[in-house]
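Observations on the model geometry
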Amino acid sequence: MKVTVIGTGYVGLVTGACLAEMGNHVVCLDIDARKIEILQSGGIPIHEPGLQEIVHRNAAAGRLEFTTSVERAVAHGTLQFIAVGTPPDEDGSADLQYVTAAARNIGRLMTDHKVIVDKSTVPVGTADKVRAAVADELAKRGVELAFSVASNPEFLKEGAAVEDFIKPDRIIIGTDDERATLLLRALYAPFVRNRDRLLVMDIHSAEFTKYAANAMLATRISFMNELSRLAEAVGADIEQVRVGIGSDPRIGTHFLYAGAGYGGSCFPKDVKALARSAADAGLPSKMMAAVEAVNEEQKRVLVKKIVARYGDDLSGKTFALWGLAFKPNTDDMREAPSRVVVAELLRRGARLRAYDPVAMDEARRVLALDLGAEAIDRSVHFAPSAMAAVAGADALVIVTEWKEFRTPDFEGLAAVLTDRRVFDGRNLYDPALIRGFGLDYQSIGRG
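Presented here is an overview of the structure given in this document. Here the structure is a predicted model, which means the values were calculated and not measured.

The rules behind each value
Residues numbered from 1 in each chain as written. Predicted model: local features only at pLDDT ≥ 70, side-chain atom pairs only at ≥ 80, totals over all residues. Heavy atoms only, no water. Helix = DSSP H or I, 4+ residues; strand = E, 2+ residues; numbered from the N terminus. Rg over C-alpha atoms; globule rule 2.2 N^0.38 Å. Buried < 20%, exposed > 50% of the residue type's maximum accessible area, 1.4 Å probe, protein only. Contact = heavy atoms within 4.5 Å. Areas by Shrake-Rupley, 256 points an atom, 1.4 Å probe, with all protein chains shown as cover. Lys, Arg positive; Asp, Glu negative; His and termini not counted. Charge placed at Lys NZ, Arg CZ, Asp CG, Glu CD. Phe/Tyr/Trp six-rings, centres within 6.5 Å; stacked < 30°, edge-to-face > 60°. Pairing = 2+ DSSP bridges. Axes fitted to C-alpha atoms, helices over the stretch in contact; angles between N-to-C directions. Parallel < 35°, antiparallel > 145°, perpendicular 65-115°, else oblique. Left-handed = near helix turned anticlockwise from the far one by under 90°. Core = buried A, V, L, I, M, F, W, Y, C linked by side-chain atoms within 4.5 Å.

Concerning the overall build of the chain
Scanning the chain for helices and strands turns up 19 helices and 14 strands. A compact globule built from 447 residues would reach a C-alpha radius of gyration of about 22 Å, and the chain, at 24 Å, matches this within 12%. Dimensions of the chain, computed from C-alpha atoms along their principal axes, come out at roughly 75 × 45 × 45 Å. Counting across all 447 residues of the chain, residues that qualify as buried make up 52%. A separation threshold of at least 6 residues defines the contact pool for the chain, and within that pool the share at least 24 residues apart is 75%. Summed over its atoms, the accessible surface of the chain is roughly 19400 Å², and 52% of this surface lies on carbon and sulfur atoms. Side chains of the chain give 54 positive and 60 negative charges; the mean places of these two sets differ by 2 Å.

What follows is the structure in structure tokens.
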């Protein structure tokens, strides 16, 4: 099957590569010439486990191509996936300018039947806008060509996106057109051979499902983070509480971990966009507002614990920082809790020795934009390893739960940390174990 994917960001590149892996001929389009040059030369502009191998294998086989030519991309695919960015606007709503621009390009250049598939996370009603944009361009040309519009939201976890695409727990297709349904069923058939996980629904419901799923997961995280503060105040252990409530099959075990707050490209943006959609419908969402407020406050919990131990003036103090990306197995710094932690500590005069297994370069770039390159160069040292980061530090602050941080050399930490203190924003360790090494251990929600 001939497929075009418009946008080679996180969603577009994973989608294009995994569809090519199943034998489809995929052309990925991006107007960013630098990104296409990287891809054509064998590089990958994002960090995602397993993706580089799939891209290389299918590019070498001729099944996966990259281009900046809109004309070539529109001419190639019967299926045209729109996977461009939908950044939040000033009011929190999703900015659809790139989606509608892609749709207009298809309408301006198409010469035969196309199935236009919204893969980007978009608010309810976007498919209607895409259909209107394509129809308007066709009308300007004075031609009549059949086309279909469908919604096919992605449910990919950063750090496990390839696995999620190859072995999906569900594939949702929103369409009102039988031909589009048949084509998309055929496209996804290799991914659901052992069990049919493909759900077909109306377009508006498909669009809404994506926002509802991410909002539910964000809600669970903020709920547990708010409970963690109460647990700490009353002398309970949120980790024991998590196990207790997670054993209830009606609740389950996923997304019940208290921590330093959520980040990334999806949850923050989608919670804001859903709240905006609710407000536009005359139904303001108090819950979404609370989820966002709790998360923003949770990003500052570690700093509050540090200030409680050292006071507000941190001049002369050096903190090792483990973890910069918003979650493990990615270099994504968007809305990362570490950005708040770094800003708050530097504002109080501290110096930092930071380490992340893959996000160092991206963190350096993003933090320089946040706080100024001069401030980062002056006050943040990017260490080559976790133990190199703690050398010369007064205390350790853990922000991201990378696997390599789970069983460190506790004796070594106690020997090199001047104040023998650990502030753990992800509850990685058993408090009794780590205190047995003479370390003052502060974690989340463990009274």
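Focus: the packing of aromatic side chains
Enumeration over the complete set of coordinates arrives at 12 aromatic pairs. With a centroid separation of 5.4 Å and an interplanar angle of 80°, the aromatic rings of F165 and F191 are classed as edge-to-face. One end of the pair, F165, is in helix 7 (residues 161–166); the other, F191, is in the loop between helix 8 (178–188) and strand 8 (198–201), and 26 residues separate them in sequence. A residue is classified by how much of its surface remains accessible, and F165, at 7% relative accessible area, is buried. Ring centres of Y429 and Y441 lie 6.1 Å apart, and the angle between their planes is 45°; on these two criteria the pair is classed as tilted. Of this pair, Y429 sits in the loop between strand 13 (421–424) and helix 19 (431–435) while Y441 sits in strand 14 (residues 440–442), placing them 12 residues apart in sequence. Taking the relative accessible area as the measure of exposure, Y441 reaches 1% and is therefore buried. The rings of F410, Y429, F437 and Y441 are connected pair by pair, giving a single aromatic cluster.

Overview of the sheet that holds strand 12 (residues 395–398)
Spatial strand order, 11-10-9-12-13-14: 6 strands in an open sheet with parallel pairing. With partners counted over all chains shown, the strands left at the sheet margins are strand 11 (380–382) and strand 14, one partner each. The average angle at which neighbouring strand axes cross in this sheet is 20°, direction not considered. With 3 bridges connecting them, strand 10 (residues 351–355) and strand 11 associate as parallel partners. From the neighbouring strand, L352 faces strand 11, where its bridge partner is V380. Packing of helix 13 (residues 301–310) onto the sheet brings it into contact with strand 9 (318–322), strand 12, strand 13 and strand 14, and relative to strand 13 it is tilted by some 155°. On the sheet, helix 15 (residues 360–371) packs against strand 10 and strand 11 and is oriented at approximately 160° with respect to strand 11.

Some words on the side chain of N58
Following the sequence through the fold, N58 ends up in helix 3 (residues 51–60). The buried category is assigned to N58, whose relative accessible area is 0%. Among residues more than four places away in sequence, those in contact with N58 are A17, A20, E21, R63 and L64.

Comments concerning unusual backbone geometry
Backbone geometry at F255 places phi at a positive 60°, although glycine is not the residue there. Along the polypeptide, F255 turns up in the loop between helix 10 (238–246) and helix 11 (267–280). What makes F255 partly exposed here is its relative accessible area of 29%.

Some details on the packing of helix 9 (residues 203–234) against helix 12 (residues 286–298)
The description of two helices packed together rests on the angle between their axes and the distance between the axes. At a minimum axis distance of 9 Å, the contact between helix 9 and helix 12 shows a crossing angle of 55°. One way to sum up the angle between helix 9 and helix 12 is to call them oblique. Between helix 9 and helix 12 the crossing geometry is left-handed. Two secondary-structure elements touch here, helix 9 through A215, A218, T219, S222, N225, E226, S228 and R229 and helix 12 through M287, M288, V291, V294, N295, E297 and Q298.

Overview of the nonpolar core
Within the largest apolar cluster, 52 residues are counted, with the highest numbers of intra-cluster contacts made by F319, W322, F382, L396, V397 and Y429. Leaving out residues up to four positions away in the same chain, V397 has contacts with L302, I306, F319, A320, L321, W322, V341 and F423. Judged by nonpolar contacts, the second largest core, of 39 residues, contains L19, L64, L156 and F191.

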